[in-house]
Amino acid sequence: MATVYTNATIYDGQGRIDNGFIRYEDTILNVGPMSEYTPTEADEEIDAAGRLIIPGFIDVHSHGGYGIDNMDADPEKIDEMVQQFLQEGITSYFATTMTQTAENVEASVEAIAKAAEYNDRIVGIHIEGPFISVDHMGAQNPEFITPPSKDLMKKWNELSGDLIRLVTYAPEVTDVSEFEAYCLEHDIVLSVGHSGATYAELEQSNATHVTHLYNGQLGLHHREPGVTGYGLLNDDVKVEMIVDGHHICPEMVKLTYRAKGADGIVLITDAMRAKGLPNGESELGGQKVFVKDGTARLENGSLAGSILTFIDAFRNMIAFSGCSIEEAVKMSSTNQAEEFNLAGKGKLLPGYDADFLVLSTDLELQQTIYGGETYNG
């Protein structure tokens, strides 16, 4: 039996339907204006008048949450964590690793791949570290930083069953030609991050993505655009943004939106295990983290990932930048699906996966639907 939401405002990733319906089972069967709706006896009809429907969020950069981290290398715990992500609207997820020993990263990617066998919301792996610069390491552990290695990437990707979709690296630290070539051959997007690369160096690279813009990188300077300038100036480069009000102040969020437009921005949480837990001591990559006042910081005061939920990132982006809901949908789902060729994701069209969210008019998340199943939170 199909389910139909009627009389809703629908943002389908291409535009807005002011008074629409969406009929679905595990995939979307029909979507359109109510003038085209024909009820059938086989449908379960739900009146969604006064509510908004948008595609489910896709988080391509998140380490953990709810007391769990991908580096724990526990498939059951990773599955449990991804289940809890539904309460904040994440229906597709790139499990993200940290700078640790090669053996620990290996164990993590194997565990993620195992969890992905029975949790199809895990659609990729993001390797963030250890291929970064010590000078821009942020909350990564300097003890385990190593130059980009084709051999390690090949090993980890094979162990993951080719699940790696994104890698953060510093292209300036060594000759990365073989490393980049392997990634491109295996559809792994190259993201510059935790890097001191100059604009000229990045022009010689194959990076088409910037990890958490403004954070952990050579910033914008009037005589050297750096990593930040590279991300802002190039239309074919997507930039990640942690829109929690701490990693980037609201005014800079607005400036970035004006410079890049909705098509160039990818919202992320960069969340860590303390998300969803009370204030206090936590851990990230083997380092102590202290959570207070909406931030997670190392003992030296450096920001250490975030405790941001994706629904808050969505709302904050609208509040800080003045963008439309339609544009926020692009930045939270459609752009990710297109950049990483995630079939059936990011839009609400016939044949696409029934992954969508039901929101109130004040953008409170009321329901998460994933693969046609309803999660009420």
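Residues numbered from 1 in each chain as written. Predicted model: local features only at pLDDT ≥ 70, side-chain atom pairs only at ≥ 80, totals over all residues. Heavy atoms only, no water.

Asker: Would you mind showing me how to read the packing of helix α2 (residues 102-118) against helix α3 (residues 150-159) here?
Answerer: Two measures define how a pair of helices packs: the angle their axes make with one another and the distance between the axes. Packing of α2 against α3 brings their axes to within 8 Å, and their N-to-C directions diverge by 25°. The angle between α2 and α3 places the two elements in the roughly parallel class. You can see that α2 and α3 cross each other, and the crossing is right-handed. Of the residues in α3, those in contact with A102, V105, E106, V109, E110 and A113 of α2 are L152, K155, W156 and L159. Among the residues making up the contact of α2 with α3, the classes are represented as seven nonpolar, no polar and three charged. (Axes fitted to C-alpha atoms, helices over the stretch in contact; angles between N-to-C directions. Helix = DSSP H or I, 4+ residues; strand = E, 2+ residues; numbered from the N terminus. Parallel < 35°, antiparallel > 145°, perpendicular 65-115°, else oblique. Left-handed = near helix turned anticlockwise from the far one by under 90°. Contact = heavy atoms within 4.5 Å. Nonpolar A, V, L, I, M, F, W, Y, C, P; charged D, E, K, R; others polar.)

Asker: Would you explain the UniProt feature "binding site: Zn(2+)" (unreviewed entry) in the protein chain in this entry?
Answerer: In the numbering used here, UniProt assigns the "binding site: Zn(2+)" (unreviewed entry) feature to E128, H194 and H212. Despite a sequence span of 85 residues, these residues sit close together in the fold, their greatest C-alpha distance being 10.9 Å. For H194, the location among the structural elements is in the loop between β12 (189-192) and α5 (199-203). Excluding residues that lie within four positions of it along the chain, H194 makes contacts with E128, I132, S133, H136, M137, G138, Q140, T168, A170, H212 and G216. One polar contact links H194 to E128, side chain to side chain, over a distance of 3.0 Å. The topology assignment puts H212 in the loop between β13 (209-210) and α6 (226-233). Note on H212: relative accessible area 4%, which makes it buried. Not counting residues within four places of it along the chain, the set of residues in contact with H212 comprises H61, E128, H194, Q217, E240, I242, I268 and D270. Of the polar contacts made by the side chain of H212, one reaches the side chain of E128; its length is 3.1 Å. (UniProt positions renumbered as here; feature names shortened; annotations may be inferred. Polar contact = N/O pair within 3.5 Å; in protein donor to acceptor, adjacent residues only side chain to side chain. Buried < 20%, exposed > 50% of the residue type's maximum accessible area, 1.4 Å probe, protein only.)

Asker: Sorry, what's going on with the UniProt feature "binding site: substrate" (unreviewed entry) in the protein chain here?
Answerer: UniProt tags A139, N215, G216, R223, H247, L303, A304 and G305 as "binding site: substrate" (unreviewed entry). For the residues just named, distributed over 167 residues, the greatest C-alpha separation reaches 29.4 Å, placing them at more than one site. What makes A139 buried here is its relative accessible area of 7%. Within the secondary structure, G216 is located in the loop between β13 and α6. Judged by relative accessible area, G216 falls into the partly exposed class, the value being 22%. Not counting chain neighbours up to four residues away, the residues in contact with G216 comprise H136, G193, H194 and S195.

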